[in-house]
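Okay, here's what each chain looks like letter by letter:
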Amino acid sequence: MSDYSKGTVLRIPRVHAETLEPGDYADDTCFAAGWLAETNAGWRLKRPVIDADSCTGCLQCYLYCPDGAIRKTHAPGVAVFVDTDFCKGCGICKTVCAFDSIAMVDEAAAKREDAARAAATEGEHA
Amino acid sequence: MSEKKFLSGDEAFAEGVRLARPQVISAYPITPQTVVVERLSEMVERGDLDAEYLHVESEHSALSAAIGAAAAGARAFTATSSQGLLYMAECLTYAAGGRFPIVMMNANRSTCLPWNIYGDQRDSLSLLDHGWIQVYAESAQEALDLALMAFRLGEDDRVRTPVMVCLDGFALTHTYETVSVPSPEEADAFLPPYETSNRFDFEHPVNIGYTAGPAYSRYYKQREHLDMLAAARVVDEVEAEFARTIGRSYPGVVDAWHCDDADEIVVTLGSIAGEVRDVAARLRAEGRKVGVLRIRYLRPLPGPEIVAAVGGARAVAVLEKDVSFGAEGTVFTNVNSALHRAGCAVPTRNFIGGLGGDDITEDQVLQIFDALHEVAAGDAAQVPDVTFLNISDQGGDR
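Residues numbered from 1 in each chain as written. Chains lettered and ligands numbered in written order. Predicted model: local features only at pLDDT ≥ 70, side-chain atom pairs only at ≥ 80, totals over all residues. Heavy atoms only, no water.

**Student:** I'd like a rundown of the overall build of chain A, residues and numbers included.
**Tutor:** Regarding its fold elements, chain A presents four helices and five strands. The linear arrangement of helices and strands in chain A, starting from the amino end, is α-β-β-α-β-β-α-β-α. Split into buried and exposed, the 126 residues of chain A put 36% on the buried side. Taking the contacts inside chain A whose residues are at least 6 apart along the sequence as the reference set, 64% of them involve residues at least 24 apart. For chain A, the exposed area adds up to about 7,400 Å²; of that, 57% sits on carbon and sulfur atoms. (Helix = DSSP H or I, 4+ residues; strand = E, 2+ residues; numbered from the N terminus. Buried < 20%, exposed > 50% of the residue type's maximum accessible area, 1.4 Å probe, protein only. Contact = heavy atoms within 4.5 Å. Areas by Shrake-Rupley, 256 points an atom, 1.4 Å probe, with all protein chains shown as cover.)

The following block contains the structure:
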């Protein structure tokens, strides 16, 4: 299965807490979407992986994700990707996918794979 | 042109809400508020009020629905009382912390057990801490006017805080008086439509009602507090505008009657103030220097205004329709704190009456003034700190 959780896709800009003053945000609990203070995915035990080949781009996973952590790629090939900075691994996306295109893989294993891939990429550019 | 109608407190309040043009009304009935939501439903059915009227399944849902409506940018109204207010209590902080300027009418009614549906002020006074502005009406006219002013106040950009307007159950909600009802044109001149950025918007997507951890939470809470304190000045502005557009004046966060030169002052809330002033007027005619301070807005706590009004007296009584069990009356606590913070040492005494709809007689009010006279004369020990009216055996060891 292909992993589109990272890669050359659109990322929402984030502003970290240290660049915001309380005056910028503490007037009410309403803030422009997409500006989040910090990542929040530390409790994820399983990570969704979307298979590009069987994904039809129906966008049900995108609509159902309770954290808005599935984004449109706005690119040909696969319609969506999972933002692993904010996905909590609830698996709702897998449950609603009518085409069985989403697999929930062990997070620890996936992290190890990511690290290995990153090290390999660095090695290539060294 | 305004017109005169003979209305109960509840009916007058409903008229005020009609004129305020809420877009969403979430309603759950509870005595003695029921007439408010019934009248509003009739107005909506007749087409006199263009609002989404939701008959919800509970008070918790009523305020939750109002919060949802406010988060969509709608002017929202609900009403409740007593156990209903307590049932929606967890939603009070959502509305306040979310900075949604919802207006809620609360018919002050006793809380159980024993079961009692009559008026006292325990319900709202037990919930002063949850971030809502609280204002107490004395008359049906004031109730109608407060309905309009509450929206204007809460929606002000410097305030952005929900407002609870309290009417004494039965004593005010169900008694009738002649009320001047403004025309829609006058009301519209005073209260413009609700505009806010604190709402969902397809054009400007937002994250509403999010979590804030320890590093951030304190800033929100501090601002909530400071904005509520600042609301006291906005009250003055709103009332000045009300006087300009509708023609009736109100005296600000407190209503002081002959306090300037008074030796003995009774501080109170709500409709009982009229009776207290009647008794005080007779005493004045006899040469007694007495005064009455009616606190209108209890949140924000008008500390400076209380101190200015009563700080120069020789004895002050707080007459209220509640008790914080195991301590004293809540208004007494608030007044004492304001005085103490100002370094003012005027002796104060608490008189708790009207519980569960109990009548407070003119004779009892007279006795309160007489007790103050004793305290002022140096006989402070004769008058206990806290007295329950209409009970011969005060009991206790205090």
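Having seen the model, we can carry on.
**Student:** I'd like a description of the side chain of R288(B), backed by residues and values.
**Tutor:** All names here are of chain B. One can find R288 in the loop between α10 (272-285) and β12 (290-295). You can call R288 buried: its relative accessible area is 18%. In this structure the side chain of R288 is engaged in a polar contact, spanning 3.2 Å, whose partner is the backbone oxygen of F369. Within the structure, the side chain of R288 is placed 3.3 Å from the side chain of D370, a separation counted as a polar contact. Setting aside residues no more than four positions away along its own chain, R288 makes contact with E264, L283, F369, D370 and H373. (Polar contact = N/O pair within 3.5 Å; in protein donor to acceptor, adjacent residues only side chain to side chain.)

**Student:** Let's hear about a nonpolar patch on the surface: which residues, and what values?
**Tutor:** Residues and elements named next belong to chain A. On the surface, L63, Y64 and I92 cluster together to form a nonpolar patch covering roughly 310 Å² of accessible area. Examined against the element boundaries, L63 turns out to sit in helix α2 (residues 60-64). On the basis of relative accessible area, L63 is assigned to the exposed category, the value being 58%. (Patch = residues over 30% accessible without salt bridge, like charges linked within 9 Å, V, L, I, M, F, W, Y side chains within 5 Å. Salt bridge = Lys/Arg side-chain N within 4 Å of Asp/Glu carboxyl O.)

**Student:** So what about the sheet that holds strand β4 (residues 76-81) of chain B? Which residues, and what values?
**Tutor:** Residue and element names in this part refer to chain B. If you trace the seven strands from one edge of the open sheet to the other, you get β3-β2-β4-β5-β7-β6-β13, paired in mixed fashion. The open sheet has two free edges, formed respectively by β3 (52-55) and β13 (297-299), since each of these has just one partner strand. Within the sheet, the average angular offset between the axes of one strand and its neighbour, ignoring direction, is 20°. With two bridges connecting them, strand β2 (residues 24-27) and β4 associate as parallel partners. If you follow V24 over to β4, its bridge partner there is A76. (Pairing = 2+ DSSP bridges. Axes fitted to C-alpha atoms, helices over the stretch in contact; angles between N-to-C directions.)

**Student:** So what about the pairing of strand β11 (residues 264-269) of chain B? Which residues, and what values?
**Tutor:** All names here are of chain B. Of all six residues making up β11, six are buried, and the element is well covered by its neighbours. Side-chain alternation along β11 places E264, V266 and T268 on one buried face and I265, V267 and L269 on a second face that is also buried. Two elements, β11 and β12, share six bridges in a ladder whose sense is parallel. By the bridge assignment for β12, I265 is matched with G291.

**Student:** Let's hear about the interface of chain B and chain A: which residues, and what values?
**Tutor:** With 17 residues of chain B in contact, the opposing surface of chain A contributes 15 residues. With both sides pooled, the region where chain B packs onto chain A buries about 1,500 Å², and carbon together with sulfur makes up 57% of that total. On the chain B side of the contact with chain A, Y216(B), Y220(B) and R223(B) bury the most area, a combined 38% of that side's loss. The tally of links between chain B and chain A comes to two salt bridges. Ionic pairing is found between R223(B) and D27(A), a salt bridge with its closest N-O pair at 2.5 Å. At the surface where chain B touches chain A, the tally comes to six residue pairs in polar contact (both at pLDDT 80 or more). For the side of chain B that touches chain A, the elements supplying multiple residues, two or more each, are β9 (206-208) and α9 (214-245) of chain B. Sort the elements by how many residues they give to the side of chain B that touches chain A and α9(B) lands first, with four residues. Of the residues that constitute the side of chain B that touches chain A, the class distribution is seven nonpolar, six polar and four charged. Across three bridges, strand β1 (residues 30-32) of chain A lies against β9(B) in antiparallel orientation. (Buried area = accessible area lost by both parts, 1.4 Å probe. Nonpolar A, V, L, I, M, F, W, Y, C, P; charged D, E, K, R; others polar.)

**Student:** Can you explain the packing of aromatic side chains? Please cite residues and give values.
**Tutor:** Counted under the stated rule, the structure contains eight aromatic pairs over all chains. Measuring from centroid to centroid gives 6.0 Å for Y25(A) and Y216(B), while their planes differ by 80°, and the two rings are edge-to-face. Of this pair, Y25(A) sits in helix α1 (residues 22-25) while Y216(B) is found in helix α9, placing the two residues in two different chains. Residue Y25(A) is classed as buried on the basis of its relative accessible area of 10%. Taken together, a centroid distance of 6.1 Å and an interplanar angle of 70° make the contact between Y210(B) and Y220(B) edge-to-face. (Phe/Tyr/Trp six-rings, centres within 6.5 Å; stacked < 30°, edge-to-face > 60°.)

**Student:** Help me get a handle on the packing of helix α7 (residues 140-155) of chain B against α9(B), residues and values and all.
**Tutor:** Residue and element names in this part refer to chain B. The geometry of α7 relative to α9 is characterised by a closest axis approach of 10 Å and an angle of 125° between their N-to-C directions. Taken as axis vectors, α7 and α9 run oblique relative to one another. Relative to α9, α7 is oriented so that their crossing is right-handed. Where α7 abuts α9, its residues D145, L148, M149, R152 and L153 lie against A231, V234, V235, V238, E239, E241 and F242. Partitioning the contact of α7 with α9 into residue classes produces eight nonpolar, no polar and four charged. (Parallel < 35°, antiparallel > 145°, perpendicular 65-115°, else oblique. Left-handed = near helix turned anticlockwise from the far one by under 90°.)

**Student:** Can you explain the packing of helix α1 (residues 9-20) of chain B against helix α2 (residues 34-46) of chain B? Please cite residues and give values.
**Tutor:** All names here are of chain B. Orientation of α1 relative to α2, taken along the N-to-C sense of each, is 45°, at an axis distance of 8 Å. When the axes of α1 and α2 are compared, the pair comes out oblique. Here α1 and α2 pass one another in a crossing that is right-handed. Residue-level contacts link D10, E11, F13, A14, E15, V17 and R18 of α1 to T34, V35, V36, R39, L40 and M43 of α2. Partitioned by chemical class, the residues of the contact of α1 with α2 number seven nonpolar, one polar and five charged.

**Student:** Give me α9(B): which residues, what numbers.
**Tutor:** Here α9(B) is 32 residues long and its end C-alpha atoms lie 46 Å apart, about the 46 Å a rise of 1.5 Å per residue gives. Just past α9(B), the residue G247(B) takes up positive phi, approximately 95°. (Expected span 1.5 Å × (residues − 1).)

**Student:** Could you give an account of unusual backbone geometry, with specific residues and numbers?
**Tutor:** Glycine aside, a negative phi is what most residues show, and trans is what most peptide bonds show. All names here are of chain B. Note the cis peptide between C112 and L113, where omega equals -5°. Its location among the elements puts L113 in the loop between β5 (103-108) and α6 (122-125). A cis amide bond, omega -5°, links L113 with the succeeding residue P114. As for its placement among the helices and strands, P114 is situated in the loop between β5 and α6. Phi is positive for R160, close to 45°, though the residue is something other than glycine. Relative to the helices and strands, R160 resides in the loop between α7 and β7 (163-168). We classify R160 as buried; its relative accessible area is 14%. Despite not being glycine, N390 shows a phi value in the positive range, around 70°. Along the chain, N390 falls in the segment after β16 (386-388).

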